[in-house]
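Structural overview
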Amino acid sequence: MKKLNLKSMKKQTREQLFTYTVIIVVYIVVQLLIAAGSMSSLMQGLLVPMCTYSIVAIGLNLCVGYLGELSIGHAGFMCVGAFTGALCTKLLEGTITNKVLLLICALLVGTVVAALFGFLIGIPVLRLKGDYLAIVTLAFGEIIKNIINVLYIAKDTDGFHFAITNGNAIKLSDEGMWLINGAKGISRIPHLSSFTAGIILILVSLFVVYNLVNSRSGRAIMAIRDNRIAAESVGINITKFKLMAFTISAAIAGAGGVLYAHNLSTVTATPANFGYNMSIMILVFVVLGGMGNFRGSIIAAALLTLLPEVLRELKDYRMLIYAIVLIAMMLFNWAPKCIEWRQKIVTRLKKNTGKGAA
Amino acid sequence: MNFLSYLINGISLGSVYAIIALGYTMVYGIAKMLNFAHGDVIMVGCYVTFLTMSRQGWHPLPAVLLSMVVCTALGITIEKIAYKPLRRAIPLAVLITAIGVSYFLQNAALLIFGADTKSFTSVVTLPALKLADGALTISGTTIVTVVACIVIMVALSLFIKKTKAGQAMLAVSEDKDAAQLMGVNVNATISLTFAIGSGLAAIAGVLFCSAYPTLTPYTGSMPGIKAFTAAVFGGIGSIPGALIGGILLGIIEILGRAYISSQLSDAIVFAVLIIVLLVKPTGILGKKMQEKV
Amino acid sequence: MKKFMSVLLATAMVATCLAGCGQKSEGASQAAGTEAAGASTDGAVFKIGSIGPTTGDAAIYGQAVMNAAQIAVDEINAAGGINGYQVAFKYEDDQADAEKSVNAYNSLKDWGMQILMGSVTTTACIAVTDKTAEDGMFQLTPSASSTDVIINDNVFQACFTDPNQGTASAQYIADNGLATKVAVIYDSSSVYSSGIEATFVEEAQAKGLEVVAEESFTADSKTDFSTQLQKAQSAGAELVFLPIYYTEASIILTQANGMGYAPTFFGVDGIDGILGVENFDTSLAEGVVLLTPFAADAADEATQSFVAKYKEAYGETPNQFAADAYDAIYVIKAAAEKAGATPDMSVSDLGAALTAVMPEISVDGLTGVGMTWKATGEVSKAPKAVVIKDGAYVAM
C-alpha cells in the first residue's frame, strides 16, 4: 500500500515539475522574443493580463475543481485584492522607493485581506450547497462592488477621512489626497506589475495549490467533494477543510487582483471588471481548462484572453466569433460524442505512429 | 401614502422579475441547468415586437404572437445546437455553453440592430388606475403584468398537473433515468420545456419593455441575472416560488432604495437574499433534498 | 492522454502567440500600405488612432465617435489633408474597459499610430494616458471628462470637465432663478455622473439652492426610477438635475409622466441625443433644459452639413459624442498645422510639438466657437443652455 502511494506521489511530482518547466520555458522564450524585438506591443501588453487571469483561474479551480463548490463571486475577491493592494501602494509610495518591495507589500496586503474576506464569507456560504451556494457567492461579489463604488477615503494633514455614499462630506485641506474616490476608484497607481512578477506569482500559486491538494488536507478536501457524508463519518472536520480551501482560493484571487491593479494606472469597480461577468469569465477558464486541472486553467485563461485581441482585424465581428469559438470549444471538450470521436482519432494516430516506428 | 405607492412600484417591478424567473425556474427544474441565455432570448423577443409594432405599425397582439413564435423557435434551436450534445456532460459545461450563447445573442443583436437605444411603445393601452383622489397611481402596464404573471403561473401549474406532457416533465425533473425507463421521451420533454420557457420569455420581454421602455442589445442581461436571483430566492425549480421570489425581490429593491439608501440598493437586495438563504437554505418554497448515503 | 492533450494545447498556445505577433506586424504593414496607396505624392500619411467601445453596453458612445471621426477624416483628406499629407484613421474597440483600452492602444501602436484621439470613456482613458505619457504621444480625448484624465502634460480634452459642468449647471439654475429646491438623480457607479453630481451639489449649496434629494442608481439597477422620482416629488423638488446619459433619462421622463410629476428637468451634455432615440415620444421631453455645447438642430452651416452627412452615412442623428469627436479631429489638424508637423517626425517629437502649440490655437467647431486650451489640457468653451420645445432645441 505504502509503496503504491510512493509511486503515485512520484508521478505527481513529475507532473508538477513538468508544469513548472513548461512555464519557465514559455517565460524564457517570451523574454527572448521581446529582446529580439519580434513581439508586437499588443502581445507585450497582454502578457500581464494573461498572468492575472491565469492566477485567478488557478484560485477558482481549487474551489470548483477540488472543493467541488461553484463560486461565481471570485471577481469580488479580485476586487478586494486590487483595492487593498493599490491602497497599500498609495500609502507606502512615499516611504518605500524600491518598486519590487512596494509590489511585494501590496501583494501581501491584498492577499491577506482577500483571504480574510474569503474566510468571513466562507463561514456562512459554505453551509449552503450547489446553486444556492453559487448565488450567495454572486451576491457577496455584487455587494463588495456596490460598496466600493460609494466608498470615499481620503488622507490629509488631519489624518484619514472616511465617508460612505457622500463624498462631499469630506472637506480636504490643500495637501489632501483622495485614496478611494467613490466611483472614480483609485487613480494614479504606480505601474508595478510586470511579466516577470506575473510568472513568479503563477509559480507561487501553483506551488501552493499543488502542495495543498497532495497533502493530507488536500485528500480530505477531495473526500468531502466526492462524498460528504462518508468523509464526515471517517472523522474529517468538514467545516475546517472547506473553509481552508475556500480561503486559499480567495487569497489567490486577491493576489491576481493586486497584479491587475498595478498593471493599470487606475482601478474602478465596474460590472465589466469586478462584476459577475468577470466571475463567470474566470469560471469559463476553469471549466474549459478542465476541473481540477491547474495547467488547463492557465492555458485556457491565456488562450481566451488572447483570442479577442488577435481577432481585432475582424472589427465588429470579433466578439461574435469569440462567442462561437467559446461554444465550439465547450462542445469539443465536453460533449460525450466529441470525446469518443477524439479518442478514436488519438488511438488511430497512435497506431499509425506505432507502425511508422516499426 | 408614500409607502403604499412604493409598495405598488415594488410589485410592478417584482412581477416583471417573476415572469422572467418563471422561465429560468422551469428550465432549471427539468434540465437542471441555469440557462444564462434566457435574458437574451427576452431581448430578441423585444426586438421582434419593436420591429413589427413600431416600425411596421402592426397591432400589438399579432406582434406579440410573432415574437413568441420567434422566441420559441430560437429556444428550440439553441437547445438543439448548444445544450443537447452536452446532456450527459457535467452540469457546469452546459452553464458555460449557455454563457457563450448569451454572448452570441448580444453581439448578433448589436450587429443586426445597432447599438443605439430604441424607445419601446407600451403594448398595454389600459389607462392607469387612480385611487385616493389621484394620490396613488397604478399604471395599466402594472395591472397587466401582475395579471399575466398570475395567469401564466396558474396555467403552468395546471399544465404540469393535468396533461400527459406536464406529467412527463415532472417525471424527468424527479429522475431522468427512471423516467426514461417508464417510457418517457426525455429528449422531447426537455425540448418542450425549452420551447415553453422561451415562449414565456417573449411575453416577459414585451411586458418588461412596456414598463421600462428602452431597448438595447444588452437590455436582457441585467433583468436576467435579477430574475435568476429571484428564482433562487423563491426556491429554484418551484413555479409558485418564482412568483413569490420575484415579487419579494422587487419590493425589497424599491423599499431599500426608498427607506435606506438609493446608493446601496444593490447591496441591500443581495444582503437580504443572503440572509434568507442562510435561514432557509433552499429558498422560500424550495424542496428540501434528502441526502442519500 | 490528458498530458498529451495539455502539451498539445500548450504548444498550440505558444504557436498562436508567435503567429499572433507575426500576423500583427504583417497586418499592420499591409493596412498601412493599402491606406497609404491612395495618399499624397510621397506616400507619407498621418496616422491617427482612436479608441472607444463599439461592443458592450457603452457601444452607442464609441460608435458615435468612430463614425463622426471618420467623417472628419474623409473631409480633411478630400480637402488635401494636413500640411499636404493625407490622414489614415484606425479605430479600435475597448468595451469601455481600462485593460482592454490599453490593449487597443498597443494594437494601434503596432499599426504605427502617431496621434491618439481617445479614449472615449473616462476610466479607460485614464489607463491609456499613462501609456501615451510613456511614449510621449499626443493624446486628445473627445469625451473623457474627468479631471484625472488630463494629469499628464500630453493629454488634452475636447469636452468640458465634469466639475466644470456641475458648477456651470448650478450657477445657471441659481442665476436664472429656475428653482430653489432641487433634486439630483445620478448614476453612482459612473465616474462621469458622480463627478458632475459632487460639484453640482457643492456649488448649489454655495449658491443658496436647497438640494432636497440626492438619489442614485447603478449600472446594475437602471431600469426602474419610480422611487427616486417619488422621493424627489415628496421632498418638493421643483427641478430635477440629471447628470446622466439619455438612455436612462428617457425612462425617467416616461416614468415621471406616468406619475403625473412635472418638475423642470435639467440635464447636461449626456442628455443630448434624447430627441434622436428611435420611436421616443418627444412630447415627454417638452420643457427639458440642458446645458450642452452641441445641438444637432442648430442653424449654423457647419452643424447642418455635419448632421446631414452623418444621417446619410449612418442613418442616425449624431449626438454630442459625435460632435466632440468631429471637432477633436479638426483640433488635431489645427495643432498639426500650427506646429508645421510632418508624418516623418517621431511619435515623441510630434507629441512634443503638438503639446507645445495647443495653448496657442483657437478652433471654431461644432461644439464651440473660438475654443482654446490651457496648458493643463482643459478646453475653454461656453456651454449653451437650450430648452426643448415642440421636439426641438430652442436657445434660452
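Quick caveat: nothing in here was measured; it's all calculated off a predicted structure.

1. Things to note about the overall build of chain B
Check the secondary structure of chain B and you find eleven helices and four strands. Its C-alpha atoms give chain B principal-axis dimensions of roughly 60 × 50 × 35 Å. By residue count, 60% of the 293 residues in chain B fall in the buried class. The long-range share in chain B, meaning contacts at least 24 apart out of those at least 6 apart in sequence, stands at 75%.

2. Some remarks on the overall build of chain A
Of the regular secondary structure elements, chain A holds 14 helices and five strands. For 358 residues, the compact-globule formula gives about 21 Å, and the C-alpha radius of gyration of chain A, at 22 Å, lands near that figure. The principal-axis extent of the C-alpha atoms belonging to chain A is close to 80 × 60 × 40 Å. Out of the 358 residues belonging to chain A, those deemed buried represent 51%. If you take every contact in chain A between residues at least 6 apart in sequence, the share linking residues at least 24 apart comes to 76%.

3. Considering the pairing of strand β1 (residues 45–52) of chain C
It is a general feature of regular strands that their side chains alternate between the two faces of the sheet. Residues and elements named next belong to chain C. Most of β1 is tucked away, with eight of its eight residues classed as buried. Side chains of β1 alternate between two faces, with V45, K47, G49 and I51 and F46, I48, S50 and G52 buried alike. In terms of strand pairing, β1 meets strand β2 (residues 86–93) through eight bridges, oriented parallel. Bridging across to β2, F46 finds its partner in V87. Sheet topology note: the β1/strand β3 (residues 115–118) ladder contains four bridges and is parallel. Considered in β3, the bridge of G49 is made with L116.

4. Considerations on the interface of chain B and chain A
Tallying the contact residues gives 37 residues for chain B and 36 residues for chain A. Looking at the side of chain B that touches chain A, the elements with two or more residues in it are α4 (91–113), α9 (221–234) and α11 (265–279) of chain B. Ranked by residues supplied to the side of chain B that touches chain A, first place goes to α4 of chain B with twelve residues. Partitioned by chemical class, the residues of the side of chain B that touches chain A number 27 nonpolar, seven polar and three charged.

5. Observations concerning the interface of chain A and chain C
Across the boundary between the two partners, chain A contributes 45 residues, which contact 47 residues of chain C. Secondary-structure elements contributing two or more residues to the side of chain A that touches chain C are α1 (2–36), α2 (41–66), α5 (130–149), α10 (271–274) and α12 (294–310) of chain A. Considering every element that reaches the side of chain A that touches chain C, the biggest residue donor is α12 of chain A, with eight residues. For the side of chain A that touches chain C, a count of residues per class yields 20 nonpolar, 17 polar and eight charged.

6. What to know about the confidence of the model for chain B
All names here are of chain B. Here chain B shows a mean pLDDT of 89. Residues at 70 or above account for 97%. Taken element by element, chain B is modelled with least confidence in strand β2 (residues 129–131), mean pLDDT 78, and with most confidence in helix α3 (residues 60–83), mean pLDDT 94. Here the prediction assigns the complex a pTM of 0.90, and the interface score ipTM is 0.89.

7. Considering the environment of A154 of chain A
Residues and elements named next belong to chain A. As for its placement among the helices and strands, A154 is situated in strand β1 (residues 151–156). Exposure remark for A154: the 20 C-beta atoms within 10 Å place this residue in the buried category. The spatial distance from the C-alpha of A154 to the C-alpha of K171 is 9.3 Å, given a sequence separation of 17 residues. Sequence-distant contacts of A154, that is, excluding residues within four places in its chain, are made with H161, I170, L172, G176, M177, W178 and L179.

8. A word on the sheet that holds strand β5 (residues 155–157) of chain C
Residues and elements named next belong to chain C. Strand order in this open sheet of five strands is β2-β1-β3-β4-β5, and the pairing throughout is parallel. The open sheet has two free edges, formed respectively by β2 and β5, since each of these has just one partner strand. Taking the axes of each pair of neighbouring strands and ignoring which way they run, one obtains an average angle of 20 degrees across the sheet. Strands in contact with helix α10 (residues 320–339) are β1, β3 and β4 (138–141); relative to β3, the strand with the most contacts, it is inclined by about 155 degrees.

9. Digging into the sheet that holds strand β13 (residues 379–380) of chain C
Residues and elements named next belong to chain C. Overall, antiparallel pairing links the three strands, which are arranged β11-β12-β13 in an open sheet. Only two strands of the sheet have a single neighbouring strand rather than two, namely β11 (363–365) and β13. Pairing between strand β12 (residues 368–373) and β13: two bridges, direction antiparallel. Looking at the pairing, W373 lines up with V379 of β13.

10. A look at the nonpolar core
Of all hydrophobic cores here, the largest spans 354 residues; its most connected members are A57, I282 and V284 of chain A together with A68, A69 and Y326 of chain C. Viewed by domain, this core spans two of them, domain 1 (46–159 + 304–380) and domain 2 (163–292) of chain C, each represented by three or more residues.

11. A short note on the environment of E134 of chain C
All names here are of chain C. Within the secondary structure, E134 is located in helix α4 (residues 122–135). For E134, a count of 12 C-beta atoms within 10 Å corresponds to the exposed category. With 214 residues separating them along the chain, E134 and S348 place their C-alpha atoms 9.3 Å apart.

12. Brief notes about α4 of chain C
Residues and elements named next belong to chain C. With 14 residues, α4 ought to run about 20 Å at 1.5 Å a step, and its terminal C-alpha atoms sit 20 Å apart, in line with that. In terms of residue burial, α4 counts as a mostly covered element, since eleven of its 14 residues are buried. Within the span of α4, buried status applies to T122, T123, A124, C125, I126, A127, V128, T129, D130, K131 and T132. Note on α4: the residue one or two positions beyond its end, G136, has a positive phi of about 70 degrees.

13. Concerning the packing of helix α11 (residues 276–289) of chain A against α12 of chain A
Residues and elements named next belong to chain A. Relative orientation of the contacting elements α11 and α12 amounts to 125 degrees, with a least axis distance of 7 Å. What the angle tells us is that α11 and α12 run oblique. In the packing of α11 onto α12, the handedness of the crossing is right-handed. In contact with V284, F285, V286, L288 and G289 of α11, α12 contributes G296, S297, I299, A300, A301 and L304.

14. Let's talk about α5 of chain A
Between its terminal C-alpha atoms α5 of chain A stretches 29 Å, which fits the 28 Å expected from 20 residues at 1.5 Å a residue. Summarising burial for α5 of chain A: 18 of the 20 residues are buried, a large majority.

15. Here we look at unusual backbone geometry
Residue and element names in this part refer to chain C. The omega torsion of the bond from G118 to S119 falls at -10 degrees, within 30 degrees of zero and hence cis. Along the chain, S119 falls in the loop between β3 and α4. A positive phi angle is found at D390, which is not glycine, with a value near 50 degrees. Exposure remark for D390: the 8 C-beta atoms within 10 Å place this residue in the exposed category.

Analysis parameters
Numbers given to residues run from 1 along each chain, matching the order in which its sequence is written. The naming scheme follows written order: chains are lettered A onward, ligands numbered 1 onward. It should be noted that, the model being predicted, local features are given only for residues of pLDDT at least 70 and side-chain atom pairs only at 80 or more, the latter also being counted only at that level, while totals for whole chains, interfaces and linings use all residues. Note on conventions: DSSP H or I runs of at least 4 residues are helices, E runs of at least 2 residues are strands, and numbering of each starts at the N terminus. Once C-beta atoms are placed from the backbone, each residue is buried if 20 or more other C-beta atoms lie within 10 Å of its own, exposed if 12 or fewer, and partly exposed for counts between those two. In this description, any two residues whose backbone-derived C-beta atoms lie within 7 Å of each other are considered to be in contact. Only the C-alpha atoms count toward the radius of gyration. The rule for a globule is 2.2 Å times the residue count to the power 0.38. Between any two strands, pairing holds if DSSP finds at least two bridges. As a working rule, the residues Ala, Val, Leu, Ile, Met, Phe, Trp, Tyr, Cys and Pro are called nonpolar, Asp, Glu, Lys and Arg charged, and the rest polar, with Gly in that last group. The pLDDT value tells you how sure the predictor is about a given residue, anywhere from 0 up to 100. Axis lines are fitted through C-alpha atoms, for helices just across the contact stretch, and the angle between N-to-C directions can take any value from 0 to 180 degrees. In this usage, the nonpolar core is the set of buried Ala, Val, Leu, Ile, Met, Phe, Trp, Tyr and Cys residues whose C-beta atoms join them within 7 Å. Where a domain begins and ends is set by an automatic assignment or by a domain database. Helix span, expected: 1.5 Å multiplied by one less than the number of residues in the helix. Oblique is the label for any angle not covered by the other classes, which are roughly parallel (under 35 degrees), roughly antiparallel (over 145) and roughly perpendicular (65 to 115). For any helix crossing, the convention is left-handed if the near helix is rotated counterclockwise from the far helix by under a right angle, and right-handed if that rotation is clockwise.

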